[in-house]
Amino acid sequence: MADDKVRTFPWLRLFLVFSVTALTLVLFFGFYDYKKAFSILRGADFGAWTAAFFFFLLGHFLRLLRYNVVMGWGVSLKSFAIVSGHGFWAYFMPLRLGELVFPYFAKMAGLSTFSNALSSLFWTRAADAFIVLFLGFSLIVYYFFSETNNLIEFRWVSREVVFILFSFLLFVSLFALFFVFRNKMVKLAYFSPAFLIFTAAIWLCVLAYNYYIGLSIGIGMNLGQLVILVLLLTFGYFLPLQGVAGAGVHEVAWLSVIAMGSVGKADAFIYAVASHFLVALMVVLLGLCSLLLITLSRYRE
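Residues numbered from 1 in each chain as written. Predicted model: local features only at pLDDT ≥ 70, side-chain atom pairs only at ≥ 80, totals over all residues. Heavy atoms only, no water.

Some details on the environment of Arg66
Stage number 1. Tracing the backbone through its elements, the reader meets Arg66 in helix 3 (residues 46–71).
Stage number 2. When the C-alpha atoms of Arg66 and Leu196 are compared, they prove to be 8.7 Å apart, with 130 residues separating the residues in sequence.
Stage number 3. Once you skip the residues sitting within four places of it in the chain, Arg66 turns out to touch Thr124, Ala127, Asp128, Phe195, Phe198, Thr199 and Ile202. (Helix = DSSP H or I, 4+ residues; strand = E, 2+ residues; numbered from the N terminus. Contact = heavy atoms within 4.5 Å.)

Side note on the packing of helix 9 (residues 223–236) against helix 10 (residues 249–258)
Stage number 1. Closest axis-to-axis distance for the helix 9/helix 10 pair is 9 Å, and the angle between their directions is 160°. When the axis of helix 9 is compared with that of helix 10, the two are roughly antiparallel. In terms of crossing hand, the pair formed by helix 9 and helix 10 is right-handed. From helix 9, Gln225, Ile228, Leu229, Leu232, Leu233 and Gly236 reach across to helix 10, where they touch Val249, His250, Ala253, Trp254, Ser256 and Val257.
Stage number 2. By residue class, the composition of the contact of helix 9 with helix 10 is eight nonpolar, four polar and no charged. (Axes fitted to C-alpha atoms, helices over the stretch in contact; angles between N-to-C directions. Parallel < 35°, antiparallel > 145°, perpendicular 65-115°, else oblique. Left-handed = near helix turned anticlockwise from the far one by under 90°. Nonpolar A, V, L, I, M, F, W, Y, C, P; charged D, E, K, R; others polar.)

Side note on the packing of aromatic side chains
To describe a pair of aromatic rings, one takes the distance between the centres and the angle between the planes.
Stage number 1. Taken as a whole, this structure holds 13 aromatic pairs when the rule is applied.
Stage number 2. Geometrically, the ring pair formed by Trp49 and Phe53 is stacked, given 5.5 Å between the ring centres and 5° between the ring planes. Separated by four residues within a single helix, Trp49 and Phe53 lie in helix 3, roughly one turn from each other.
Stage number 3. A relative accessible area of 17% means that Phe53 is categorised as buried.
Stage number 4. Geometrically, the ring pair formed by Phe122 and Trp123 is edge-to-face, given 4.9 Å between the ring centres and 80° between the ring planes.
Stage number 5. On the accessibility criterion, Phe122 (48% relative accessible area) is partly exposed.
Stage number 6. Residue Trp123 is classed as buried on the basis of its relative accessible area, which comes to 7%. (Phe/Tyr/Trp six-rings, centres within 6.5 Å; stacked < 30°, edge-to-face > 60°. Buried < 20%, exposed > 50% of the residue type's maximum accessible area, 1.4 Å probe, protein only.)

Some remarks on the nonpolar core
Stage number 1. Counting residues in hydrophobic clusters, the biggest one holds 50 residues, and the most contacted among them are Phe56, Trp203, Ile213, Met221, Leu229, Trp254 and Met282.
Stage number 2. Where this core is concerned, the elements lending two or more residues are helix 2 (34–42), helix 3, helix 4 (77–92), helix 6 (114–145), helix 8 (193–216), helix 9, helix 10 and helix 11 (265–300).
Stage number 3. Broken down by element, this core gets its largest block of residues, eleven residues, from helix 11.
Stage number 4. Residues within four places of Met221 in sequence aside, it is in contact with Asn210, Tyr211, Gly214, Leu226, Leu229, Trp254 and Val257.
Stage number 5. The next biggest cluster of nonpolar side chains, apart from the first, holds 16 residues, and it includes Met71, Phe80, Val83 and Phe102. (Core = buried A, V, L, I, M, F, W, Y, C linked by side-chain atoms within 4.5 Å.)

A few points about helix 3
Stage number 1. Compared with an ideal rise of 1.5 Å per residue, which puts 26 residues at 38 Å, helix 3 spans 37 Å between its outermost C-alpha atoms and is within 8% of the ideal.
Stage number 2. Its side-chain oxygen placed 3.0 Å from the backbone nitrogen of Gly47, Asp45 serves as the N-cap of helix 3.
Stage number 3. Just downstream of helix 3, Gly72 is the residue with a positive phi angle, here 65°. (Expected span 1.5 Å × (residues − 1). Polar contact = N/O pair within 3.5 Å; in protein donor to acceptor, adjacent residues only side chain to side chain.)

Some points on the pattern of salt bridges
Stage number 1. Scanning all chains against the criterion turns up four salt bridges.
Stage number 2. Notably, a salt bridge pairs Arg66 with Asp128, separated by 2.8 Å at the nearest N-O pair. With Arg66 in helix 3 and Asp128 in helix 6, the pair connects residues that are 62 residues apart, well separated along the chain.
Stage number 3. Overall, the relative accessible area of 1% leaves Arg66 in the buried class.
Stage number 4. In this structure, the salt-bridge partner of Asp128 is Arg125, at a minimum N-O distance of 3.5 Å. (Salt bridge = Lys/Arg side-chain N within 4 Å of Asp/Glu carboxyl O.)

The structure is reproduced here in structure tokens:
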């Protein structure tokens, strides 16, 4: 009986993945004006999208530098190819299955053992989680103590709900910190100034490229909306209910933020899908960059 459950669970996950993907496509092509989405893409600001792609690439290069701090594998064409390839597969493969590409590629390239690369990946993701929690804390504290509250309006959220959310995040953060400091596997490198600076810079790039993606399709976001967008995207990608290439999660996150601004609710989903296409295009180019770097590294050898 237990074996049947083990065999059934992966199929159930695949069913959910492709169901969410199919539902997103049906909503787009069946109930919304997809021709308008293509019109938005044709009129997209190429300069703003180029700026988004620059910060997207810069963020991955900073990830390479951060891995170098904890793994000491050097900065090379081969190592950047691994980070780029990891970014590609982590985005397109659902349920975070693409994360396993990183330790596998690192081992295949002879730069690290599988376990060491997997451990480094885990702790860098933990550092990313702390940054996301910090962003959430900052937004909540601003909302709770600001009198003007001109950053963003939370008309549908009471201060009691915000206080409960703040308390929950604080408890999770303290528990996680306790776990980190008690774990002997954590190297001092994870607390080095270089590691912390690279981590902060990576998330500044995440904020920047999402801002320019929105700007490229005529969506201007203030800092509060941008932080909410990144929080929704980050938490959403860890949910088991997401489709291929983040289908569903991306649309819900962007729809939630876009609907706060000047875009009407009827068109918000169309703009969300258009932004998804532009992000996916960047990831495809990142994957091609990975292949190019691998080819160049082999040629040099």
